[in-house]
Amino acid sequence: MNRATRAAGAAFVGTTIEWYDFYVYATAAALLFDDLFFPNASSPTVALMASFATYAVGFFARPLGGIVFGHFGDRVGRKSALVVTLLMMGGATFAVGLLPTYASIGTLAPVLLVLLRFVQGLAVGGEWGGAALMAVEHAPAGKKTFYGGFAQLGNPAGALLATGAFSLMTLFGDDALHSWGWRAPFIVSAVLVLVGLFIRLRVEESPVFEEADKTGVPIKEVFRTSWRSVLLGIGTLPVAIGGYYILTTFLLSYATGPSVGETEQLILNGLSFAAFVELVATLGIAWMGDRFGGRKVAIWFLIGTAVLAVPQFAVLGTHNTFLIFLMLGVMRLATSGTYGPMAAILSEMFPPQVRYTGISLAYQGAGAIFGGLSPLAATALVGAYGGAAWPAVALLVAMCALSVLCLLVAPRHRDRVPAAPITTE
């Protein structure tokens, strides 16, 4: 197996595990954590918002993780940083699975939950940038978007595993799910981390990193020379990150709430189908990025996402399985086109010596702003307007407009040293 293929495979497996851990929490936050950790809230809406607030903590920790591991990755190496992030994420997720609930230890339970979510955020804050760079910087010329797509492929694969795990647990019934079933998806993370660690340790360091000039303090250099790229990078990602969580975490709670009344089993199965669509489509979209231009492809799919926002929410409440599955699948295809090319798009926005720090700040900054707050904002807006879905639709369309604008003006950098050639070892 050549270096580029091995790096791409390791990026896929590692990010799959990291995103599985992250999405297991997101699914539990939407379905269960309001009852398990916030039973004394003044209303169900307040309890759900408290649950989403603990979920948002992970996003707020992500920029800090990007700074810490970006510095480590730009100074010491991409590979070493990725090993640490994988161990941190797996350990925190496993610990959530063992955590006593509010009924057992009172207010200490949500406090510990927040702390573990913070560790998750630190880990994923350093994970994505390193995995994306390992795939892109090992890629042969003309195929950077395709190889970068393997890092993006971990997102739908992790989401598919996470929603699939909870869908499986629902088969045991609500009582089992609330008592012990919710813990199983968290605890099984320990096995996945061992597999990912074995694969990640076998990958060579990035050839672009090995040849790059190392700067003293990458974060200072980023703010000195590339702060506009950071801001524009954040602006390219509202839909790729925040829109995704509106259409998964928020949509799950909205669709299964009393005002809409879809079953948890139906929406979980629909989201699992949507994750499968993204899993199948991502590499094809990444190939399109190399063929037609990653930015151009992302803009096409951003327009598609805006157009599909109304029918996506209109089918919820129809109780029509076919229509719900169809719209979840088509919408996920559209949002996949906004996410799949992003590893390569963000990578070319920064020079190699500060690239890990730069793309981590952009990606995780967008995660904190759009990923962490989007479900909370959508829940508050929909609640303020009596349960109508149009505020969530308007929020999603506005995100699409911002993404298109920033993609049109974002800068590009070329590597001084070409990526490693494809040679079989």
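Okay, so let's go over this structure. Values in this document were obtained by computation on a predicted structure and should not be read as measured data.

Within the fold, Thr305 resides in helix H16 (residues 294-314). Among all residues touching Thr305, those that are not within four sequence positions of it are Val239, Met331, Ala334, Thr335, Thr338, Leu396 and Cys400.

Here we come to the nonpolar core. In terms of nonpolar packing, the biggest core is built from 113 residues, with Phe33 and Phe313 touching the most fellow members. The contacts of Phe33, once residues within four sequence positions are left out, are Tyr25, Ala28, Phe38, Ser51, Val96, Leu113, Trp182 and Phe186. Listed in part, the six residues of the second largest apolar core include Ala4, Ala139, Phe150 and Leu153.

According to the stated counting rule, one finds 21 aromatic pairs in the structure shown. Residues Phe33 and Phe186 carry aromatic rings whose centres are separated by 6.3 Å and whose planes lie at 20 degrees to one another, so their mutual orientation is stacked. In this pair, Phe33 sits in helix H2 (residues 33-37) while Phe186 sits in helix H9 (residues 184-187), placing the two residues 153 residues apart along the sequence. Through pairs of rings, three or more aromatic residues link up here, namely Tyr25, Phe33, Phe37, Trp182 and Phe186.

Our focus in this paragraph is unusual backbone geometry. Backbone phi values are negative for most residues with the exception of glycine, while trans is the configuration of most peptide bonds. Residue His319 is not a glycine yet carries a positive backbone phi of 60 degrees. As for its position among the elements, His319 is in the loop between H16 and helix H17 (321-339). Its relative accessible area of 48% is what places His319 among the partly exposed residues.

Glancing now at the pattern of salt bridges. Here the structure, examined in full by the defined rule, presents nine salt bridges. In this structure, the salt-bridge partner of Glu137 is Arg78, at a minimum N-O distance of 2.9 Å. On the criterion of sequence distance, the pair formed by Glu137 in helix H6 (residues 108-138) and Arg78 in helix H4 (residues 78-97) is long-range, its members being 59 residues apart. Arg78 carries the same exposure label as Glu137, and that label is buried. As a salt-bridge pair, Glu221 and Arg224 come within 2.7 Å of each other at their nearest N and O atoms. Here the residue Glu221 and the residue Arg224 both occupy positions in helix H12 (residues 218-225), the gap between them amounting to three residues, near one helical turn. Judged by relative accessible area, Glu221 falls into the buried class, the value being 19%.

Another point: the side chain of Thr357. Tracing the backbone through its elements, the reader meets Thr357 in helix H19 (residues 355-384). Judged by its relative accessible area of 1%, Thr357 is buried. Among the polar contacts listed, one links the side chain of Thr357 to the backbone nitrogen of His71, at a separation of 3.5 Å. Not counting the four nearest positions on each side in its chain, Thr357 is found in contact with Gly70, His71, Asp74, Pro218, Ile219 and Val222.

This part covers H17. The first and last C-alpha atoms of H17 sit 27 Å apart over 19 residues, in line with the 27 Å expected at 1.5 Å per residue. For H17, the capping residue at the N-terminal end is Asn320, with a side-chain oxygen 3.1 Å from the backbone nitrogen of Phe322.

So, about helix H1 (residues 3-31). Between its terminal C-alpha atoms H1 stretches 42 Å, which fits the 42 Å expected from 29 residues at 1.5 Å a residue. Of all 29 residues that make up H1, 25 are buried, and the element is covered over most of its length.

A few words now on the packing of H4 against helix H10 (residues 189-200). The N-to-C vectors of H4 and H10 enclose an angle of 170 degrees; their axes lie 9 Å apart at closest approach. Taken together, the axis directions place H4 and H10 in an arrangement best described as roughly antiparallel. Here Lys79, Leu82, Val83, Thr85, Leu86, Leu87, Gly90, Thr93 and Phe94 of H4 come into contact with H10, specifically with Ser189, Ala190, Val193, Gly196, Leu197 and Arg200.

This structure, assessed with the given rule, holds five cavities of 30 Å³ or more. In this structure, the largest cavity occupies an estimated 130 Å³ of space. For the largest cavity, the lining is made up of 13 residues, of which Thr27, Thr163, Thr248, Thr249 and Leu271 are closest to its centre. Contributions of two or more residues to the lining of the largest cavity are made by H1, helix H7 (144-170), helix H14 (238-255) and helix H15 (264-292).

The rules we used
Residues numbered from 1 in each chain as written. Predicted model: local features only at pLDDT ≥ 70, side-chain atom pairs only at ≥ 80, totals over all residues. Heavy atoms only, no water. Helix = DSSP H or I, 4+ residues; strand = E, 2+ residues; numbered from the N terminus. Contact = heavy atoms within 4.5 Å. Core = buried A, V, L, I, M, F, W, Y, C linked by side-chain atoms within 4.5 Å. Buried < 20%, exposed > 50% of the residue type's maximum accessible area, 1.4 Å probe, protein only. Phe/Tyr/Trp six-rings, centres within 6.5 Å; stacked < 30°, edge-to-face > 60°. Salt bridge = Lys/Arg side-chain N within 4 Å of Asp/Glu carboxyl O. Polar contact = N/O pair within 3.5 Å; in protein donor to acceptor, adjacent residues only side chain to side chain. Expected span 1.5 Å × (residues − 1). Axes fitted to C-alpha atoms, helices over the stretch in contact; angles between N-to-C directions. Parallel < 35°, antiparallel > 145°, perpendicular 65-115°, else oblique. 1 Å grid on protein atoms, 1.4 Å probe; cavity = no way out; pocket = protein on both sides within 12 Å on 5 of 7 lines; lining within 4 Å. Points joined across faces, edges and corners; volume = space filled by probe spheres on them.

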